[in-house]
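Notes for the structure review
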Amino acid sequence: MNVQSRTPRLSILVPGPAAALAALVSVAAVGCASADEVAYDKAEADLAAEEAPEGGGKSDFLDVCDLAGWYGDGTCDRMCQSLDPDCPLLGPEPTGAATRFPIVLHHGMAGGRAWILTYHGIREALAADGHAVYQTQVPPFDSVEVRGEALAAQIDEVLAATGAEKINLVAHAMGGLDARYVISTLGYGDRIASLTTMSSPHRGAALADFALTLAPGDLLLDGIAALVGAHVSDVAGDPDLRSAMEAMAESSAAAFNARTPDDDRVYYQSWSGVSSLRGSAADRDRAAAVCGDVSLLPDDSLDKLRLEFMPFASIVGHGSDQHDGMVTVASARWGDFRGCVPADHADEIGNLTTSRPNPRTGWDPERFWRQVAFELAARGL
Ligand SMILES: [Ca+2]
Ligand SMILES: [Ca+2]
């Protein structure tokens, strides 16, 4: 409970053939890829920013936009290290009242107290707005059933500590499946006022199916999971990675959904992150075509995938579907689908590789989640 997230850039290098874990841990040279040359020509600089992985054009020593006077020169420059004041911030200025019920932030696979799949700065931002906010920590690599039991126990703790009748549950990625299990199978529909999911694999994630076809023996899988788990979580204990993969597989989704019907007492809403290899204007338009509400997408660019997610982009998206590096937009839709944010699977919960707000898109995870919380309050939740 109340776990403080630590550095979002903890690099963990783990050998091993398990594709899904590799997606999360093996290409961890974030921030190391650097543009060799600093292009002073604006067009060249834009092109370089487009070619480089996210964060790849960033230098701690030299801010080209600062040197060249491009901040505030009247033209939106997307390749700057910090958001150019000429570029718009996405979304409304968050404002509103505290939620009636406490907010519980629940993490997905490989989340916990550290690393890129743990909430970073979100709990603090919501607490500063006056909401009662708690953060879960459940086994990072385990089945929905095991994670769900742990989540339910932590919800009980929040209810006991606050005296509240209900909570507002916010879940990232696999956490959304845990949450639905807790509501429907464990019978918590009377204690959960709302469920907000962000890029949860409600219709599965192709990378999980792929990992299962490649998976070596469970002992090796779980050995890797234990190694990673110890870095990201205090409760990694005895991992069961295969069960986590099976829970998220596309081949499991229909059966899970059939036995996990929504509870009428709960308000369900969902968001999806969307990101791409190049973050180009064309990618933005492809995303907009499937995202519904595009008010949180920039006009002329898109988020770039974090380096860790790049090798698996084609598998995750079945070749051409829009996704956030782990989960497709189509899979993330559940209940009241609110639309997309320009973010990859780590950005969504505050782990941007760039400065905040993202200079490429104008999207700020704190601003986004603050608005989500105020909207829950406005619903009387
Ligand atoms: Ca400018
Ligand atoms: Ca990104």
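Placed above this text is the structure.
None of these values were measured; they are calculated from a predicted model.

Another point: the overall build of the protein chain. Along the backbone of the protein chain there are 14 helices and 6 strands. Of all intrachain contacts in the protein chain linking residues separated by at least 6 positions in sequence, the fraction that spans at least 24 positions is 76%.

Once that is clear, we can look at the packing of helix 7 (residues 206-214) against helix 9 (residues 241-248). In the contact formed by helix 7 and helix 9, the axes pass within 8 Å of each other and the chain directions differ by 135°. Classed by the angle they form, the pair helix 7 and helix 9 counts as oblique. As for the relative orientation of helix 7 and helix 9, their crossing is left-handed in sense. Here Ala208, Ala211 and Leu212 of helix 7 lie close against helix 9, whose contacting residues are Met245, Glu246 and Met248.

What follows deals with the pairing of strand 5 (residues 267-274). Sheet analysis places strand 4 (residues 192-198) next to strand 5, joined by 5 bridges and oriented parallel. Opposite Leu195, over in strand 5, you have Tyr268 as the bridge partner. Pairing between strand 5 and strand 6 (residues 336-342): 6 bridges, direction parallel. Counterpart to Ser272 in the pairing with strand 6 is Cys340.

The next point concerns helix 6 (residues 175-184). Among the 10 residues of helix 6, 9 are classified as buried, and the element is accordingly described as predominantly covered. When helix 6 is considered as a whole, its buried residues turn out to be Gly175, Gly176, Leu177, Asp178, Ala179, Arg180, Tyr181, Val182 and Ile183. Lining the buried residues of helix 6 we find strand 1 (103-106), helix 5 (144-162), strand 3 (167-172), strand 4, helix 9 and helix 10 (250-259).

This part covers the sheet that holds strand 5. Reading across the sheet, the 6 strands line up as 2-1-3-4-5-6 and stay open at both edges, with parallel pairing between neighbours. Of all strands in the sheet, those bounded by a partner on one side alone are strand 2 (133-135) and strand 6. For this sheet, the mean inter-axis angle between neighbouring strands, taken without regard to orientation, is 20°. Contacting strand 1, strand 3 and strand 4, helix 6 crosses the sheet at an angle of about 145° to strand 3.

In this section: unusual backbone geometry. It is generally the case that most residues other than glycine have a negative phi and that most peptide bonds are trans. With an omega of -5°, the peptide bond between Arg356 and Pro357 qualifies as cis. At Trp115, a residue that is not glycine, the phi angle is positive and equals roughly 80°. Checked against the element boundaries, Trp115 lands in the loop between strand 1 and helix 4 (122-128). Phi angles above zero are rare outside glycine, and Ser199 is one such case at about 45°. Along the chain, Ser199 falls in the loop between strand 4 and helix 7. Residue class for Ser199 comes out buried when judged on the 34 C-beta atoms lying within 10 Å of it.

Parameters at a glance
All residue numbers here refer to positions counted from 1 along the written sequence of the relevant chain. Chains carry letters and ligands carry numbers; both start at the beginning, A for chains and 1 for ligands, and go up in the order they are written. Given that the model is predicted, a residue must reach a pLDDT of at least 70 before its local features are reported, and side-chain atom pairs must reach 80 or more before they are shown or counted; all residues, however, enter totals for whole chains, interfaces and linings. What counts as a helix is a DSSP run of H or I of at least four residues, what counts as a strand is a run of E of at least two, and both are numbered from the N terminus. By the convention adopted here, residues are in contact when the distance between their C-beta atoms, placed from the backbone, does not exceed 7 Å. The axes are straight lines fitted to the C-alpha atoms, using for helices just the contacting stretch, and the angles between their N-to-C directions are given from 0 to 180°. If an angle is under 35 degrees, it is roughly parallel; if it is over 145, roughly antiparallel; if it lies from 65 to 115, roughly perpendicular; otherwise it is oblique. Two helices crossing with the near one rotated counterclockwise from the far one by less than a right angle form a left-handed crossing, whereas a clockwise rotation gives a right-handed crossing. DSSP-based pairing: two strands are paired if at least 2 bridges between them are found. Residues with at least 20 neighbouring C-beta atoms inside 10 Å of their own are called buried, those with 12 or fewer are called exposed, and the rest are partly exposed, where every C-beta is derived from the backbone.

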